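Reading the structure
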Amino acid sequence: MSAFESLVRPALVRVAAPGDGYDPLGDRYWGTGFFIAPGWVLTCAHVVAKGGSAVWKGERAVGIVWDGGVTTGEVVLASPRPTVPEEELHRWDFPDLALVRVPDARDASCVRLSERRPVIAEPIPVGLHGWSRVTGRLGIREAVGEVHGVDGEALLLRGTQPVEGLSGGPVVDLDRAVVIGLNKGRGADEGAAVPITSLRRLYRERGGEVLSEVMREHDRHHLARYRSLSGVPDWTRAQLRHRPPTAQGGLDPGRRIHLYGRLAELPQPTGPGDVLHLVDEARRLTVGHDLRPVLEVAPRTWREGVGLLHELHDPNQEEETASGLGLNAVFVYAAKVARHVRERHGESQVIRHLADWVTDAAAETPLLTRQAIAAVLAAGRPTGSRTAREAGARADVLVEIDTPPYGRKFPWRVKLLFDGHTITPLHGDDEGVERERLRDTLREPLADALARGDRGEHLAAVEALLPRELFDEPLDTWRLSPDDELFDERSLPLGQRRIVVIRDAARNKRPPAPEWHMRWRTAGLGPLRAVPLRAEVLTAGGDAAHAARTRRESPRQAWVRLSEADDGSVPVYCGPVGSGDGLKAMAAALAAGHPIALWRSGPHDHADCAEFHERADGLLLEAGRAEALHGPVISLRKRVAADADLMGMDVGTELPWDADPDDGPDGALAPEPTTVTDPDPAADTDPDPHADTDTDPDPHADTPAAAAESESVTATAAASGSAIPAARVPARSEHAWAEHLSVLFDPPDRPPREDPLQGPPMLGEEEW
């Protein structure tokens, strides 16, 4: 029998149909669970599934029997779970977890959960606990086995395997005195357990944020038990007896529970980016340089930041010098958390308690560490300049989509971009998906990456590195939760909250050309002015860029014109650029080195192209320089959406020509009648017999000539005094010109860069 039986048994739960009480035969018995926090039971999803549709409807349909009595609970989180309550799953994939709320068990004893997935350097002795009826009657079964390997998401068990009824019971690491997994099932020769770290997967489920509060309750419970004078056994003292502090190294169990208990009392972070930013800063202060982990995680609580640091090791330092880095970094991190919460929420007693504890606990650390902690905790900001990382988001998000190598599937990757230089991959699919599936496929990877990049009020930008055929993909309209009926920040289109820009994948595969550097430098200085992306060459007698008698500007002519454009020029276009003449003109602009461009990617008529050019020029003048463009664009996208709400229609919708102007949408006031005059009949002329007619008319042509034509019509119409009925004028919002506005913002100094491949140094070469 394990040495921890007295700790595990009070937390052990029999999961059954409601009302089975102490049924000796266990006919209505489902499996095992255990308390991880007061009022919260963890078990396997396939265990509670035996309760049928009532369980998945959130009813109190789960019977709970433990040392404290008999009650019922409700499943709050589970993965996997049926898409509809009546569905029966025939396969229970990992993580196979269910979190059950048990309101009547606030005084239950709870197990101590591990913070990390076990490293299987050698077999780990474990205790397996749960209810069983192998003997024909229900009883608690305890056995000893070992975790000897990992297979995908499963911990592999041998020695003693889980038997029927043990599913959902705890697997206890007998060396470290913590729960590292749940019994899941058995095969022919070995058993399988779910790692306790898979609990984080439940954050992805709807309502997953409740897990943060559960873990805070977990830490409060164990600190209270550690401080208790009742003599009741507690996990922290058991850990200290089993492995004294001299054998622990780093953060021993006593200091860990004191720290976690204090962190649990603080207002929690707004997202993973808050935690990761402070972890990054603690690493930097402790080690003296950037030391990013190979794999990124997404911590949701302050306590998880500690887990990323207490085994910190700098490979550039000698082992004896680096041995205390983890503990030092934890203390610096805790001080930074106290400082962060104080700056955001104001001073409080719990912050002072944490700050005092950190100062006392770090008394034996090196002088530099104590000085760093004192500087962090000091009132006001530390002296010295702030770094770029401190001033903005923790990281931006880079979305890379490749041209399909064959077929119609676009490979994709989502990465974090730190300081515009360092890249950390997060998600990807080299096989790819069809274009129409990109939005749905990338939703969750994008949400995860943005959560890691956001820091407080500083939101990560989205940089989409795209093939030119996807330049018209409306990334700014993508949503992180399009099916969410609530109006909140996740339901808003990305471009209405954060920077969303497009970058060119093709030219980013090569070293930047001098023209690109020059254009970026002048755009940064400003002022910015609009230049037409396409400026059609009129033939003799031609009078309109949108007419059939117009000769298209060749790509080379466009390149010459755009190359000679003034400094600070930004190509603008009243149409899509992912195909046809727009694509050719965009290629010319990129070849000329332009890092910024504006265009309209969605469907629309071209009656307002003159207005588009004029208003786009005003937008650029307002911004003044490249980096100041983002704010006005975000504001403009918000106003376009607000106008659409006012009109009672989706963005880009106009009233039909024969609509009754008195019938406003949803009772809204109709626009004032508009008087538009007929043009002078003398202005009508026959087509020029010398005009070029070898090419088809271009519906997307967008030129100063078109603007001149529009102005001419307006002027002659005003002179004639002949009115067109107001009902024939489409209702337009003030900001309709900016519907479907897309932005190319592509600095030459941003990753990725495909550096030349270099072979390893020859033997002895590294010594030179």
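Whatever comes next refers back to the structure up there.
Quick summary incoming for the structure in this document.

Analysis parameters
- Residues numbered from 1 in each chain as written.
- Predicted model: local features only at pLDDT ≥ 70, side-chain atom pairs only at ≥ 80, totals over all residues.
- Heavy atoms only, no water.
- Pairing = 2+ DSSP bridges.
- Helix = DSSP H or I, 4+ residues; strand = E, 2+ residues; numbered from the N terminus.
- Axes fitted to C-alpha atoms, helices over the stretch in contact; angles between N-to-C directions.
- Contact = heavy atoms within 4.5 Å.
- Phe/Tyr/Trp six-rings, centres within 6.5 Å; stacked < 30°, edge-to-face > 60°.
- Buried < 20%, exposed > 50% of the residue type's maximum accessible area, 1.4 Å probe, protein only.
- Lys NZ or Arg CZ within 6 Å of the ring centre and 35° of its normal.
- Parallel < 35°, antiparallel > 145°, perpendicular 65-115°, else oblique.
- Left-handed = near helix turned anticlockwise from the far one by under 90°.
- Nonpolar A, V, L, I, M, F, W, Y, C, P; charged D, E, K, R; others polar.
- Disulfide = S-S within 2.5 Å.

What follows deals with the sheet that holds strand β4 (residues 62-66). Taking strand neighbours around the barrel as the criterion, the 6 strands line up as β1-β2-β3-β6-β5-β4 in a closed arrangement whose pairing is antiparallel. Adjacent strand axes in the sheet meet at a mean angle of 40° when their direction is disregarded. One ladder, built from 5 bridges, connects β4 with strand β5 (residues 69-79); its direction is antiparallel. Across the sheet, the residue bridging to Gly63 is Thr72, located in β5. Here helix α4 (residues 210-227) sits on the sheet and contacts β2 (29-37), β3 (40-43), β5 and β6 (97-101); the angle it forms with β2, its principal contact strand, is near 70°.

The next subject is the packing of aromatic side chains. Counted under the stated rule, the structure contains 6 aromatic pairs. Here the aromatic rings of Phe35 and Trp66 are separated by 5.6 Å at their centres, their planes lie at 65°, and the arrangement is edge-to-face. Placement of the pair is Phe35 in strand β2 and Trp66 in strand β4, with a sequence separation of 31 residues. Residue Phe35 shares its accessibility class with Trp66, and that shared class is buried. Ring geometry for Trp520 against Phe745: centres 5.4 Å apart, planes inclined by 85°, an arrangement best described as edge-to-face. Remark: Phe745 occurs in strand β25 (residues 741-745) and Trp520 occurs in helix α16 (residues 514-525); sequence separation between them is 225 residues. Judged by its relative accessible area of 16%, Trp520 is buried. Sitting over the face of the ring of Trp131, Arg14 holds its NZ or CZ atom 4.8 Å from the ring centroid. One residue, Lys184, lies across the ring of Phe94, its end atom 5.1 Å from the ring centre.

Another point: the packing of helix α11 (residues 325-345) against helix α12 (residues 349-361). Where α11 contacts α12, the two axes come as close as 10 Å, and the packing angle between them is 160°. Considering their axes alone, α11 and α12 lie roughly antiparallel with respect to each other. Here the hand of the crossing between α11 and α12 comes out left-handed. Facing α11, whose interface residues are Phe331, Ala334, Ala335, Ala338, Val341 and Arg342, α12 presents Ile351, Leu354, Trp357, Val358 and Ala361. Class assignment for the residues of the contact of α11 with α12 results in 10 nonpolar, no polar and 1 charged.

To continue, consider the state of the cysteines. Scanning the entire structure with this criterion turns up 1 disulfide. There is a disulfide in this structure between Cys574 and Cys609, and the S-S distance comes to 2.4 Å. With the S-S dihedral at roughly -80°, the linkage between Cys574 and Cys609 falls on the left-handed side. Of this pair, Cys574 sits in the loop between β21 (569-573) and α18 (580-591) while Cys609 sits in helix α19 (residues 609-623), placing them 35 residues apart in sequence. Judged by relative accessible area, Cys609 falls into the buried class, the value being 2%.

In the segment running from Ser79 into Pro80, the intervening peptide bond is cis, with an omega of -5°. One can find Pro80 in the loop between β5 and β6. Put simply, Phe94 and Pro95 share a cis peptide bond, and its omega is 10°. Its place among the elements puts Pro95 in the loop between β5 and β6.

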